[in-house]
Amino acid sequence: MHEFPITEQIIKIAEEEARKANASRVAKITLVVGDYSGFIGESIQMYFDIISKGTLCDGAVIEIQRVKPKLQCSACGAYFERRPMSFECPECGGEGGPTEIGKEFYIDSIEVET
């Protein structure tokens, strides 16, 4: 349910950028959403389709680039995706620890039509 207010903010930001560019509408918004960000891309899309009606974002495409979480090996420093039931580094066998990779959530780009 927390996707509703964040989607409202995405629309607000996109509309502000469209107005700055004297654009007639927003054509595309690209979001980067980490799997551990706490946001669900499909929910953002659903809310966007509903609350963008009648705005400069009406009909815009939402592209969501997912980021899978990665661990970092404490021994060799390599980044890797965790395998089920394991924190073992595939490079050296060391133990991986959590990173910020996979927690991203931001607007990467906004395309407008003039």
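Residues numbered from 1 in each chain as written. Predicted model: local features only at pLDDT ≥ 70, side-chain atom pairs only at ≥ 80, totals over all residues. Heavy atoms only, no water.

Within a beta sheet, neighbouring strands are joined by backbone hydrogen bonds and run either parallel or antiparallel to one another. Taken together, 3 strands build an open sheet; the order of strands is S2-S1-S6 and the sheet is mixed. The open sheet terminates on both sides in strands that have one partner only, identified here as strand S2 (61-67) and strand S6 (105-113). Neighbour to neighbour, the strand axes of the sheet diverge by 15° on average, direction disregarded. Direction of pairing for strand S1 (residues 25-34) relative to S6: antiparallel, over a ladder of 8 bridges. Bridge pairing in S6 places Val 33 opposite Phe 105. Contacting S1 and S6, helix H1 (residues 3-20) crosses the sheet at an angle of about 40° to S6. (Pairing = 2+ DSSP bridges. Helix = DSSP H or I, 4+ residues; strand = E, 2+ residues; numbered from the N terminus. Axes fitted to C-alpha atoms, helices over the stretch in contact; angles between N-to-C directions. Contact = heavy atoms within 4.5 Å.)

With that settled, consider the side chain of Ser 52. Examined against the element boundaries, Ser 52 turns out to sit in the loop between helix H2 (41-51) and S2. For Ser 52, a relative accessible area of 2% gives the class buried. A distance of 2.7 Å separates the side chain of Ser 52 from the backbone oxygen of Phe 48, its partner in a polar contact. Among all residues touching Ser 52, those that are not within four sequence positions of it are Ile 11, Tyr 47, Cys 57 and Asp 58. (Buried < 20%, exposed > 50% of the residue type's maximum accessible area, 1.4 Å probe, protein only. Polar contact = N/O pair within 3.5 Å; in protein donor to acceptor, adjacent residues only side chain to side chain.)

Keep in mind these values describe shape, not function.
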